[in-house]
Amino acid sequence: MDKFVIRGGNPLVGAIRVSGAKNSALPCMAAAILTEDPVTLENMPQVRDIETERRLLQSMGAEVELREGEAQDRTTICCRALSDPVAKYEIVKTMRASSLVLGPLVARAGMARVAMPGGCAIGGRPIDLHIKGLEQMGAAITQEHGYLEARADRLRGTHLVFDKITVTGTEDLLMAAVLAEGETVMENCAREPEVGDLAALLTAMGAQIEGAGTSTMRVRGVTGLHGAQYHIHPDRIEAGTFLVAGAITGGDLVVTGCNPEHLGAVIAKLREAGARVEGMGADAVRVRGAEKLRGADISTEEYPGFPTDMQAQYMALATQADGMSLVTENIFENRFMHVQELVRMGANIKVDGKTATVRGPARLSAAAVMCSDLRASASLVLAALVADGESILDRVYHMDRGYERIEEKLSGVGAQIQRLGNLFAPRMSETISEKTTA
Ligand code: EPZ
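Residues numbered from 1 in each chain as written. Predicted model: local features only at pLDDT ≥ 70, side-chain atom pairs only at ≥ 80, totals over all residues. Heavy atoms only, no water.

Considering empty space enclosed by the protein
All chains considered together, the criterion is met by five cavities of 30 Å³ or more. As a volume, the largest cavity reaches approximately 80 Å³. Around the largest cavity sit L129, K132, G133, Q136, L160, V161, F162, D163 and L173, which together line it. Elements represented by at least two residues in the lining of the largest cavity include exactly α5 (128–136) and β10 (159–161). (1 Å grid on protein atoms, 1.4 Å probe; cavity = no way out; pocket = protein on both sides within 12 Å on 5 of 7 lines; lining within 4 Å. Points joined across faces, edges and corners; volume = space filled by probe spheres on them. Helix = DSSP H or I, 4+ residues; strand = E, 2+ residues; numbered from the N terminus.)

Here it is as structure tokens:
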């Protein structure tokens, strides 16, 4: 099982490039199910979740080429022959986003068998809103032996109002609606940029969608979709993670290949905490550490609010800020798994329900720590970059799910970080089957 060895103390200086967004790539790969034509996606991140989804689509009969030729970041998916529209538990248990194939499978093949994802480290992660929406569109859904079975000759357009804002719920049902009979109005949709990415791909494939990226979308169903080529947007959470890395180490870091417009809440909060952050044109942001970081509160909200996927990373920064920071997690019920590990490194954090009180600055000392989920891992990397001494981070396969070659990227701007083990080694497939993750 791979580990990271990180020696703290170096300010990060230089330019660091962001990869394509994992949480755009996953729904866009699922969208290929909706057509018999090839769908080519560019700027794809080479991370474990993408490998998992490639295996999932292949297990259903799709042809998936990853990293074609010189364009290492290009993937072509062709679902001409979907011989087995089943998302098996062995794969779904390692990545709950597998439920994204539910809507497209029912829309394309008239049926789907998808293992119920089950919970994960950060919470119960139900998909009741996905199911409710499909039933409202006319799908007959049964649940037994841990599997969901959905059937519909052809889904019918309807007026959906989400009880809660759900990112993959919005994406799943958008993909169901594009081939449904008639018009579907979807209200209280997620407005995350990744939803906009998916809607842009679907439109390129011939779908009729209005209001993408807003809380109300209007979809006119069509009888078929064709293939397309699409460039995935940059990963705003990876970009935000790097901005925190520049701030926490007191460095001078330019994050390139990102979209500053998707980072509004994160940039505003870093400025409030005292970091100097400035836009550098349309696709780069520069961050410089502060003489003294100041405590500032965050409360996670759906986009465009402060992202829950940046909560753990911000908490690491807050441990170095002067004064108190209240960190409130409103989206998931168990997303403080990083707290105990940060406390073991010397952080002063008290959790009460959904709010953690962070007092700083606390001198962090290197330790052997355990990664528990994707963003908690990022938090521990950030803490280790400023801790005194050499930290060992175990179970970094959590990190590999959503960060591409993170140790190479960080080393390139001065971090002292090494991987013990070998990324994507054959045993990676063993760990994929052994582990359940967010
Ligand atoms: C997406 O997860 C992201 N994953 C998550 O990123 C992200 O944290 C989350 O959105 C929130 O922004 C992908 O896009 C692949 P939700 P998702 O449905 O769609 C409840 C990462 O770190 N809910 O928006 O699963 C749910 O329990 C990952 O990259 C229901 O109750 O999240 C949660 O409390 C982690 N019923 C809230 O809604 C449902 O049917 C928001 O969940 C669906 C969700």
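Still to come is the rest of the account.
As for the pattern of salt bridges
Going through the model one piece at a time under the given rule, you end up with 28 salt bridges. Here E390 ties to R7 by a salt bridge, and the two come within 3.7 Å at their closest N and O atoms. Here E390, found in strand β23 (residues 390–394), pairs with R7, found in strand β1 (residues 3–7); they are 383 residues apart in sequence, far enough to count as distant. With a relative accessible area of 45%, E390 lands in the partly exposed category. The salt bridge partner of E407 is R419, with a shortest N-O separation of 2.7 Å. With a gap of twelve residues between them, E407 in helix α14 (residues 406–411) and R419 in strand β24 (residues 416–420) connect regions that are remote in the sequence. Accessibility classification places E407 together with R419 in one group, the buried group. Sharing partners across several salt bridges, the network here consists of D2, D400, E407 and R419. (Salt bridge = Lys/Arg side-chain N within 4 Å of Asp/Glu carboxyl O. Buried < 20%, exposed > 50% of the residue type's maximum accessible area, 1.4 Å probe, protein only.)

Concerning the domain arrangement of the protein
By the assigned domains, the protein splits into domain 1 (3–19 + 234–420) and domain 2 (22–233). The C-alpha-based centres of domain 1 and domain 2 are spaced at 30 Å. Counting residues at the interface gives 24 residues for domain 1, matched by 22 residues for domain 2. The junction of domain 1 with domain 2 conceals about 2000 Å² of combined surface from both sides, 53% of it contributed by carbon and sulfur atoms. On the domain 1 side of the contact with domain 2, Y303, R401 and E404 bury the most area, a combined 29% of that side's loss. Counting across the interface, domain 1 meets domain 2 through two salt bridges. (Domains from an automatic or database assignment. Contact = heavy atoms within 4.5 Å. Buried area = accessible area lost by both parts, 1.4 Å probe.)

What to know about the sheet that holds strand β17 (residues 284–288)
As summarised here, the arrangement of the four strands in space is β2-β15-β17-β16, forming an open sheet in which the pairing is mixed. At either margin of the open sheet sits one strand with a lone partner, and together these are β2 (13–17) and β16 (276–279). Neighbour to neighbour, the strand axes of the sheet diverge by 15° on average, direction disregarded. In terms of strand pairing, β16 meets β17 through four bridges, oriented antiparallel. Along β17, the bridge assignment pairs G279 with V285. Across the sheet, helix α8 (residues 236–248) lies against β2, β15 (252–256) and β17, angled at about 170° from β15, the strand it touches most. (Pairing = 2+ DSSP bridges. Axes fitted to C-alpha atoms, helices over the stretch in contact; angles between N-to-C directions.)

Overview of the side chain of Q311
Here Q311 lies in helix α10 (residues 311–318). Judged by its relative accessible area of 0%, Q311 is buried. Not counting residues within four places of it along the chain, the set of residues in contact with Q311 comprises I298, T300, F306, V327, E329, R335, F336 and H338.

Some points on the sheet that holds strand β3 (residues 38–42)
Strand order in this open sheet of four strands is β4-β5-β3-β14, and the pairing throughout is mixed. Single-partner strands in this sheet number two, and they are β4 (63–65) and β14 (228–231). Each strand of the sheet is rotated relative to its neighbour by a mean of 15°, with strand direction disregarded. With four bridges joining them, β3 and strand β5 (residues 75–78) adopt antiparallel strand pairing. Its bridge partner being in β5, V39 is matched across the sheet by I77.

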